[in-house]
Amino acid sequence: VQLVESGGDLVQPGGSLRLSCAASGFTFSTYFMRWYRQAPGKERELVALINSFGGYKEYADSVKGRFTISRDNAKNTVYLQMNSLKPEDTAVYYCNVLYGGIGYWGQGTQVTVSS
């Protein structure tokens, strides 16, 4: 199982970013996918999840209405569209899959929201 995140950057408050997570080593289209984030000095928190076909999604209260999770099963990729970014969204963002009872993580991508 391999997960590779990309798309993180430095952005001003109110800006937007789209994160991508390319997956391999498992049948991507049959698994829930999740985005987490971890800010300095804080625990890793679940940001959003999506079911295997993309018809069910959940979001943390802190990002509802601003972030959108989606997936392209033909490309084995899950996305996180982040709009109206706030300084408190600054964190390393990770994608995650629970496969064979084990949670797999990518290396993370840094998102910094600052003026």
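See the structure printed just above.
I will try to describe carefully the structure that is included in this document. Please read these numbers as outputs of a predicted model, since none were measured by experiment.

### Brief notes about unusual backbone geometry
Reasoning step 1: The backbone phi angle of Asn76 is positive, close to 50 degrees, even though this residue is not glycine.
Reasoning step 2: Counting through the fold element by element, Asn76 comes out in the loop between β7 (67-72) and β8 (77-82).
Reasoning step 3: The residue Ser84 is not glycine, and still its phi comes out positive at about 50 degrees.
Reasoning step 4: Mapped onto the elements of the fold, Ser84 is located in the loop between β8 and β9 (91-99).
Reasoning step 5: Given the relative accessible area of 42%, Ser84 is considered partly exposed.

### Here's the deal with the side chain of Arg37
Reasoning step 1: Within the secondary structure, Arg37 sits in strand β4 (residues 33-38).
Reasoning step 2: Under the relative-accessibility criterion, Arg37 is labelled buried at 6%.
Reasoning step 3: At 3.4 Å, the side chain of Arg37 forms a polar contact with the side chain of Ser62.
Reasoning step 4: One polar contact links Arg37 to Asp89, side chain to side chain, over a distance of 2.9 Å.
Reasoning step 5: If sequence neighbours within four positions are ignored, Arg37 has contacts with Glu43, Arg44, Glu45, Val47, Ser62, Val63, Phe67, Glu88, Asp89, Ala91, Val92 and Tyr93.

Rules used in this analysis
Residues numbered from 1 in each chain as written. Predicted model: local features only at pLDDT ≥ 70, side-chain atom pairs only at ≥ 80, totals over all residues. Heavy atoms only, no water. Helix = DSSP H or I, 4+ residues; strand = E, 2+ residues; numbered from the N terminus. Buried < 20%, exposed > 50% of the residue type's maximum accessible area, 1.4 Å probe, protein only. Polar contact = N/O pair within 3.5 Å; in protein donor to acceptor, adjacent residues only side chain to side chain. Contact = heavy atoms within 4.5 Å.

By themselves, these observations are geometric and do not establish any function.
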